[in-house]
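Overview (structure and organization)
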Amino acid sequence: SQKIEQNSEALNIQEGKTATLTCNYTNYSPAYLQWYRQDPGRGPVFLLLIRENEKEKRKERLKVTFDTTLKQSLFHITASQPADSATYLCALATDTGRRALTFGSGTRLQVQP
Amino acid sequence: DTAVSQTPKYLVTQMGNDKSIKCEQNLGHDTMYWYKQDSKKFLKIMFSYNNKELIINETVPNRFSPKSPDKAHLNLHINSLELGDSAVYFCASSQVGFRGRETQYFGPGTRLLVL
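None of the values given here were measured: they were computed from a predicted structure. (Residues numbered from 1 in each chain as written. Chains lettered and ligands numbered in written order. Predicted model: local features only at pLDDT ≥ 70, side-chain atom pairs only at ≥ 80, totals over all residues. Heavy atoms only, no water.)

Turning our eyes to something else, we now look at the overall build of chain B. Along chain B, the regular secondary structure elements total zero helices and eleven strands. The N-to-C order of helical and strand elements in chain B reads β-β-β-β-β-β-β-β-β-β-β. Relative to the globule expectation of 13 Å for 115 residues, the C-alpha radius of gyration of chain B, 13 Å, shows essentially globular dimensions. Relative to its 115 residues, chain B shows a buried fraction of 45%. Put simply, 54% of the contacts in chain B that link residues at least 6 apart link residues at least 24 apart. Of the roughly 5,800 Å² of accessible surface on chain B, a fraction of 49% belongs to carbon and sulfur atoms. When the 14 positive and 11 negative side-chain charges of chain B are each reduced to one mean point, those points stand 4 Å apart. (Helix = DSSP H or I, 4+ residues; strand = E, 2+ residues; numbered from the N terminus. Rg over C-alpha atoms; globule rule 2.2 N^0.38 Å. Buried < 20%, exposed > 50% of the residue type's maximum accessible area, 1.4 Å probe, protein only. Contact = heavy atoms within 4.5 Å. Areas by Shrake-Rupley, 256 points an atom, 1.4 Å probe, with all protein chains shown as cover. Lys, Arg positive; Asp, Glu negative; His and termini not counted. Charge placed at Lys NZ, Arg CZ, Asp CG, Glu CD.)

Here it is, written out as structure tokens:
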């Protein structure tokens, strides 16, 4: 069956360090992978999109990698700040079929000052 | 300006009742969605409408009925509410484009608690 797995345990890091979050998937052939941020009591907010033929994408302090061989995406936040504390969701979309994203359950990041 | 808005934000009701959640987007998007986020934080697609036409209908009990009066609105009506319906319901919208490339804009969510 199709699965998207994110580390369900919270990730605690010190301010200034790099946070690395993992998204693994099985039985998918996604054309796109997106990362969203969700704060408590709010809806997810789009951060980055990466295509299957892209290895890496950057936006300010954020970096996403996409390895279709390993079936994995890594999401990095460099020089992390307490304001980066949130839950981060990865979402996959295939090239065909329905127009909807399939989300992982998210990883909660806590950046300690 | 609120891009995707939902009402109500909180909804507490008794089992067996019928309730509606409303969603409106002012982004000019063609596609709107309803997602359910359960206690384990999984976001699952329920329905999707494109220009008022239903294009995705996941395995959702037929007690749930979406209605899109125009492309800026997508409402969700739930009949005979059950305890298991308690969750956060998110509305979202996206512009028509190549599948998967559209980013989705989410509303603030409606927290439904069925007692």
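Once the structure has been displayed, the description carries forward.
Right, let's talk about the sheet that holds strand β8 (residues 73-78) of chain B for a bit. All names here are of chain B. Read across the sheet, four strands follow the order β1-β3-β8-β7 without closing on themselves; strand pairing throughout is antiparallel. The open sheet terminates on both sides in strands that have one partner only, identified here as β1 (4-7) and β7 (64-70). With strand direction ignored, the average angle separating the axes of adjacent strands in the sheet is 20 degrees. Across four bridges, the pairing between β1 and strand β3 (residues 19-25) is antiparallel. What sits directly across from Thr7, in β3, is Lys22. (Pairing = 2+ DSSP bridges. Axes fitted to C-alpha atoms, helices over the stretch in contact; angles between N-to-C directions.)

Computed from the structure, the largest pocket encloses a volume of approximately 570 Å³. Lining the largest pocket are 25 residues, and of these Thr102 and Phe103 of chain A together with Phe42, Leu43 and Lys44 of chain B lie nearest its centre. Every element with two or more residues in the lining of the largest pocket is listed here: β1 (3-6) and β10 (102-103) of chain A together with β5 (43-50) of chain B. Its residues placed into classes, the lining of the largest pocket shows eleven nonpolar, five polar and nine charged. The calculated volume of the second largest pocket comes to roughly 410 Å³. Together, 26 residues line the second largest pocket, and Gln38, Thr87 and Arg108 of chain A together with Gln37 and Lys41 of chain B are the ones closest to its centre. Those elements giving two or more residues to the lining of the second largest pocket turn out to be β9 (86-94) and β11 (107-112) of chain A together with β9 (87-94) of chain B. Sort the elements by how many residues they give to the lining of the second largest pocket and β11 of chain A lands first, with four residues. Looking at the lining of the second largest pocket residue by residue, the classes come out as seven nonpolar, eleven polar and eight charged. (1 Å grid on protein atoms, 1.4 Å probe; cavity = no way out; pocket = protein on both sides within 12 Å on 5 of 7 lines; lining within 4 Å. Points joined across faces, edges and corners; volume = space filled by probe spheres on them. Nonpolar A, V, L, I, M, F, W, Y, C, P; charged D, E, K, R; others polar.)

Another point: the state of the cysteines. All names here are of chain B. Enumeration over the complete set of coordinates arrives at two disulfides over all chains. Through a disulfide, Cys23 is tied to Cys91; the S-S separation comes to 1.8 Å. The disulfide joining Cys23 to Cys91 has a torsion of about -75 degrees about its S-S bond and is therefore left-handed. Placement of the pair is Cys23 in strand β3 and Cys91 in strand β9, with a sequence separation of 68 residues. The same class applies to Cys23 as to Cys91, namely buried. (Disulfide = S-S within 2.5 Å.)

We now examine a nonpolar patch on the surface. Residue and element names in this part refer to chain B. On the surface, Val12, Leu113 and Leu115 cluster together into a nonpolar patch covering about 280 Å² of accessible area. Its place among the elements puts Val12 in strand β2 (residues 10-13). Residue classification places Val12 among the exposed residues on the basis of a relative accessible area of 57%. (Patch = residues over 30% accessible without salt bridge, like charges linked within 9 Å, V, L, I, M, F, W, Y side chains within 5 Å. Salt bridge = Lys/Arg side-chain N within 4 Å of Asp/Glu carboxyl O.)

On to the pairing of β3 of chain B. Sheet topology note: the β3 of chain B/β8 of chain B ladder contains four bridges and is antiparallel. Following the sheet pairing, Ser20 of chain B is matched in β8 of chain B by His77 of chain B.

Now for unusual backbone geometry. Residues Thr7 of chain B and Pro8 of chain B are joined by a peptide bond in cis, for which omega reads -5 degrees. Turning to its location among the elements, Pro8 of chain B is positioned in the loop between β1 and β2. One non-glycine residue, Ala79 of chain A, lies in the positive phi region at around 45 degrees. Tracing the backbone shows Ala79 of chain A in the loop between β8 (72-77) and β9. A relative accessible area of 38% places Ala79 of chain A in the partly exposed class. In this structure, Ser80 of chain B is a non-glycine residue whose phi angle is positive, near 45 degrees. Take Ser80 of chain B: it is sitting in the loop between β8 and β9. In this structure Ser80 of chain B comes out as partly exposed when scored by relative accessible area, which is 38%.

These figures capture arrangement, not role.
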